[in-house]
Amino acid sequence: MPFYPLISKASKPHMKTPITVARGDGIGPEIMDATLSILQAAGAQLEIDEIEIGEAVYKKGTLTGIEDSAWDSLKRTKVFLKAPITTPQGGGFKSLNVTIRKTLGLFANVRPCVSYHPYVETNFPNMDLVIVRENEEDLYAGIEHRQTQDVVQSLKLISRPGSERIARFAFEYARANGRKKVTCMAKDNIMKMADGLFRKTFDEIGKDYPDIEQDFYIIDIGTARIADSPDSFDVIVTENLYGDIISDVAVEITGSVGLGGSCNIGSNFGMFEAVHGSAPDIAGRGIANPSGLILGSVLMLNHIGQNDIAAKIHNAWYKTLEDGIHTGDIYNEKLSKEKVGTLEFTKAVMERLGAKPEKFKVVDYGQGGGKGLSLPPLKPRVTQKKELAGVDIFLDWEGKPDDLAKVLNGACANGMSLKIISNRGVKVWPDGQPDTFCSDHWSCRFIGNDIDNSHIIKQLEGLKAAGLDFVKTDNLYTFNGERGYSLAQGE
Ligand code: NAD
């Protein structure tokens, strides 16, 4: 199967669609010039508003890499064609990509990973999978705290609505694109609550799509399977961090990172780009492969309803590949005819606009009128009975678990009792193992019946009076009687 229209409903002739364009850093300007030339030659009806993002903006001291005026453009056009940018190391600079995804609510990252056998060398000639990555939650929320001298915490947040939306998107995407199977990947054998929620929600939403085959892999074996037999997958839906990793694995084994286009989709916005970075090592040399951004623009044209132009460009691009006109990253003496730079490759695609590939399947995206995939509303939320069962109080402390237990037992508030002490998730009291290594970060679980937040405040006061340094608390709740917190290993 060739590519991935996000939509296709009829309306013609094309009005000019306003889009925001950023040329980015490194090879960004070169591949953006190439892409815009092809879009223009193909007759794309675009009204382009250019903004500056990335290195130049970071250098002016804007830590996010994007200025307020640029947001105005994005909010107006709602469509962003973006070249890669260079994220400066350290110095408090924020990842611009993460900022844009979160600010514009781009909850789904879609990365098609297709091999172009026999024109691009790959071990997997039949590979054609799409990774749908949740884009807003998980460890990428970047909520991190150093709580003791020796321990930092990175918070993983998974929400029910976030999981529902991405699962729904994956199924709708599969349906709209004639795909047959959606595979969910997570690590619910370890993160039973967070990844368990992601998987459970996938299973639940999947019931609305009986026409689509569904399966599940634990992410580690799933990643191994992608590396070993990518052609057995169709659409994969997963959490943010896993999605980031598996999409790099998948795109690498297609043959070149320079060939991947991707899009980030939200309810009101779409951002389209190449999967690769700004490749500073080859910037300014005129040798970058512009294909990733060209294919990103094909996704954009489908999104805005210019499906016929999308197909025209995609077919011309296929034909260029078939004719053996290859940039250095995919050049192979046996398979290629001509080794070209960015400009020559761009010219070759432009010369082939209107031509059809002979070996690759001809792309037909139908007629457009796009507004992107429209998802049904979230399932109604049924309020559950939430009851407080206790609290985990984390302490910055050094010593032996039994000594800590003695102090804590003497400092229990009325109605509260010490249940367990754990250290980095392992039970160390009661009946801890002498060999368990203990850091300076202790989780002390206090429980009680018929308690409310005032008991927790009293408990904290008791600990303060005992001279203990608490660094955070996590309340323990049940929901409709079901435990809403994990047990420590060995509890
Ligand atoms: P990279 O993708 O830029 O480069 C990895 C390797 O692939 C390099 O050898 C490069 O020369 C090659 N390569 C990449 N694109 C190519 C193309 N179109 N044609 C030919 N060869 C190509 O990854 P990196 O070196 O890890 O990152 C460089 C910078 O890009 C970093 O600052 C990183 O933060 C940034 N980055 C930006 C984005 C984005 O804006 N979406 C994505 C990833 C990385």
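Thresholds applied
- Residues numbered from 1 in each chain as written.
- Predicted model: local features only at pLDDT ≥ 70, side-chain atom pairs only at ≥ 80, totals over all residues.
- Heavy atoms only, no water.
- Helix = DSSP H or I, 4+ residues; strand = E, 2+ residues; numbered from the N terminus.
- Buried < 20%, exposed > 50% of the residue type's maximum accessible area, 1.4 Å probe, protein only.
- Contact = heavy atoms within 4.5 Å.
- Lys, Arg positive; Asp, Glu negative; His and termini not counted.
- Charge placed at Lys NZ, Arg CZ, Asp CG, Glu CD.
- Pairing = 2+ DSSP bridges.
- Axes fitted to C-alpha atoms, helices over the stretch in contact; angles between N-to-C directions.
- Core = buried A, V, L, I, M, F, W, Y, C linked by side-chain atoms within 4.5 Å.
- Near = heavy atom within 4 Å.
- Polar contact = N/O pair within 3.5 Å; in protein donor to acceptor, adjacent residues only side chain to side chain.
- Areas by Shrake-Rupley, 256 points an atom, 1.4 Å probe, with all protein chains shown as cover.
- Nonpolar A, V, L, I, M, F, W, Y, C, P; charged D, E, K, R; others polar.
- Salt bridge = Lys/Arg side-chain N within 4 Å of Asp/Glu carboxyl O.
- pLDDT = per-residue confidence, 0-100.
- Phe/Tyr/Trp six-rings, centres within 6.5 Å; stacked < 30°, edge-to-face > 60°.
- Lys NZ or Arg CZ within 6 Å of the ring centre and 35° of its normal.

### A short note on the overall build of the protein
A tally of helices and strands in the protein yields 13 helices and 20 strands. Taking the principal axes of the C-alpha coordinates as reference, the protein spans close to 85 × 50 × 45 Å. A burial count over the protein gives 53% of its 491 residues as buried. Long-range pairs, those at least 24 residues apart, make up 78% of the contacts in the protein with a sequence separation of at least 6. Here the protein holds 56 positive side-chain charges and 65 negative ones, and the gap between their average locations is 4 Å.

### Examining the sheet that holds strand β8 (residues 181-186)
Taken in spatial order, the 10 strands of this open sheet run β2-β1-β3-β12-β11-β4-β5-β10-β8-β9, and their pairing is mixed. Of all the strands in the sheet, just β2 (46-51) and β9 (213-218) have a single pairing partner and so form its edges. Put simply, the sheet's adjacent strands are angled 20° from each other on average, direction ignored. Pairing of strand β1 (residues 17-22) with β2 involves six bridges; the strand directions are parallel. Bridged to Thr17 within β2 is Leu46. Strands in contact with helix α8 (residues 240-254) are β4 (108-114), β5 (128-134), β8 and β10 (235-238); relative to β5, the strand with the most contacts, it is inclined by about 160°. Contacts from helix α9 (residues 291-303) reach β1, β2, β3 (79-82), β11 (261-265) and β12 (270-274) within the one sheet, and its direction differs from that of β12 by about 160°.

### Some thoughts on the nonpolar core
Counting 74 residues, the largest nonpolar core has Leu81, Tyr116, Ile313 and Trp317 as the members making the most contacts within it. Residue contributions to this core peak at eight residues, all from helix α10 (residues 307-322). If you look at the next biggest cluster of nonpolar residues, it comprises 23 residues, including Ile393, Ala405, Ala411 and Val428.

### Considering the site of the ligand
With respect to spatial proximity, 20 residues lie near the ligand, and among them Ile85, Gly277, Ala279, Asp281 and Asn289 are the closest. The contact in question runs from an oxygen atom of the ligand to an N or O atom on the backbone of Thr87, over 3.2 Å. The separation between an oxygen atom of the ligand and a polar side-chain atom of Asp281 is 2.9 Å. Against a free-state accessible area of 820 Å², the protein chains account for coverage of 67% of the ligand. Tallied by class, the residues present in the shell around the ligand amount to eight nonpolar, eight polar and four charged.

### As for the pattern of salt bridges
What the rule picks out here adds up to 30 salt bridges. With a closest N to O distance of 3.9 Å, Arg352 and Glu351 form a salt bridge. On the basis of relative accessibility, which here comes to 16%, the residue Arg352 falls in the buried class. The exposure class of Glu351 is exposed, given its relative accessible area of 61%. Among the charged side chains, a network of salt bridges with common partners joins Lys319, Asp323, Glu351, Arg352 and Glu358.

### Overview of the confidence of the model for the protein
Looking at the protein as a whole, its pLDDT mean stands at 92, while 96% of the residues score no less than 70. Counting interchain partners and residues more than four positions distant, the pLDDT-below-50 stretch residues 1-11 has 57 contacts.

### Side note on unusual backbone geometry
Pro118 follows His117 through a cis peptide bond whose omega is 0°. Looking at the element boundaries, Pro118 is found in the loop between β4 and β5. Cis rather than trans, the peptide bond between Trp429 and Pro430 has omega equal to 0°. Relative to the elements of secondary structure, Pro430 occurs in the loop between β17 (426-429) and β18 (441-447). Its identity as a non-glycine residue notwithstanding, Lys78 has a phi of 65°, on the positive side. Residue classification places Lys78 among the partly exposed residues on the basis of a relative accessible area of 37%.

### As for the sheet that holds β18
Read across the open sheet, the six strands follow the order β17-β16-β18-β15-β19-β20; overall the sheet is antiparallel. In this open sheet, the two strands that pair with only one neighbour each are β17 and β20 (482-483). Examined bridge by bridge, strand β15 (residues 386-396) and strand β19 (residues 469-479) share 10 bridges and lie antiparallel to one another. The residue of β19 that forms the bridge with Phe394 is Lys472. Relative to strand β16 (residues 417-423), helix α12 (residues 401-409) is tilted by about 150°, and along the sheet it contacts β15, β16, β17 and β18. Strands in contact with helix α13 (residues 453-465) are β15, β18 and β19; relative to β15, the strand with the most contacts, it is inclined by about 20°.

### A look at the packing of aromatic side chains
Enumeration over the complete set of coordinates arrives at 13 aromatic pairs. Ring centres of Trp397 and Trp442 lie 5.6 Å apart, and the angle between their planes is 80°; on these two criteria the pair is classed as edge-to-face. With Trp397 in the loop between β15 and α12 and Trp442 in strand β18, this pair connects stretches of sequence that are 45 residues apart. No difference in accessibility class separates Trp397 from Trp442, as the two residues are buried. Between Arg165 and the ring centre of Phe107, over which it is positioned, the NZ or CZ distance is 4.2 Å.

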